[in-house]
Amino acid sequence: MTEPQIEILPLIIEGIRERKGKKITTVDMSELDTAAARRFVICEGTSTQHVAAVADSVREYLLEHAKIKPYNYDGYGNSQWIVIDYGDTLVHVFLPHTRQLYDLEELWSDAVITDYPDED
């Protein structure tokens, strides 16, 4: 008997919000043949320390609430863009200018893009 699949999107969003991550967007690429993952979750931090704290919070939140560890993560060296790999979902935590530079939402504009309001 296999374990039921846990929907991690709400957990990722809560992990981002725990550390006041901003401008959360999901990019649902499940209908695209060329996509590297089924979904991106993209957000911002206000400084390199904030970017690292938001990424840490996502990893800690999923581990604590669902016992899920990422397959891999990268970007802590300069903390301008940290990516966390959960298999079919990649979490991208950016500094604002780095997010604008790479503009993943525009790159995958044929996907279903959903913006989440900031909580203050």
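The structure under discussion appears in the preceding block.
Here is a short report on the structure shown in this document. Only a predicted model underlies this, so the values are computations on that prediction, with no experimental measurement involved.

1. Looking at the pattern of salt bridges
- Within this structure, the stated rule accounts for seven salt bridges.
- Arginine 59 is the partner of aspartate 56 in a salt bridge, and the nearest nitrogen-oxygen pair spans 3.3 Å. Separated by three residues within a single helix, aspartate 56 and arginine 59 lie in helix H2 (residues 48-66), roughly one turn from each other.
- Its relative accessible area of 28% is what places aspartate 56 among the partly exposed residues.
- Residue glutamate 105 is joined to arginine 99 by a salt bridge in which the shortest nitrogen-to-oxygen separation is 2.4 Å.
- You can call arginine 99 buried: its relative accessible area is 8%.

2. What about the pairing of strand S2 (residues 39-44)?
- Counting buried positions along S2 yields six of six residues, so the element is predominantly enclosed.
- Side chains Arg39, Val41 and Cys43 project from S2 onto one buried face, and the interleaved Phe40, Ile42 and Glu44 project onto a second face that is buried too.
- By the bridge criterion, five bridges tie strand S1 (residues 22-28) to S2 in an arrangement that is antiparallel. Across the sheet, the residue bridging to lysine 22 is glutamate 44, located in S2.
- Across six bridges, the pairing between S2 and strand S5 (residues 89-94) is parallel. Considered in S5, the bridge of glutamate 44 is made with phenylalanine 94.

3. Things to note about the nonpolar core
- Counting 23 residues, the largest nonpolar core has Ile12, Ile16, Val58 and Val91 as the members making the most contacts within it.
- Going through the elements one at a time, helix H1 (9-18), S2, H2, strand S4 (81-85) and S5 are the ones with two or more residues in this core.
- Looking at this core element by element, the count peaks at eight residues for H2.
- If we skip the residues at most four places from it in the chain, isoleucine 12 touches Val41, Val58, Leu62, Thr89 and Val91.
- Counting residues in hydrophobic clusters, the runner-up holds twelve residues, among them Leu32, Ala37, Phe40 and Ala111.

Conventions we followed
- Residues numbered from 1 in each chain as written.
- Predicted model: local features only at pLDDT ≥ 70, side-chain atom pairs only at ≥ 80, totals over all residues.
- Heavy atoms only, no water.
- Salt bridge = Lys/Arg side-chain N within 4 Å of Asp/Glu carboxyl O.
- Helix = DSSP H or I, 4+ residues; strand = E, 2+ residues; numbered from the N terminus.
- Buried < 20%, exposed > 50% of the residue type's maximum accessible area, 1.4 Å probe, protein only.
- Pairing = 2+ DSSP bridges.
- Core = buried A, V, L, I, M, F, W, Y, C linked by side-chain atoms within 4.5 Å.
- Contact = heavy atoms within 4.5 Å.

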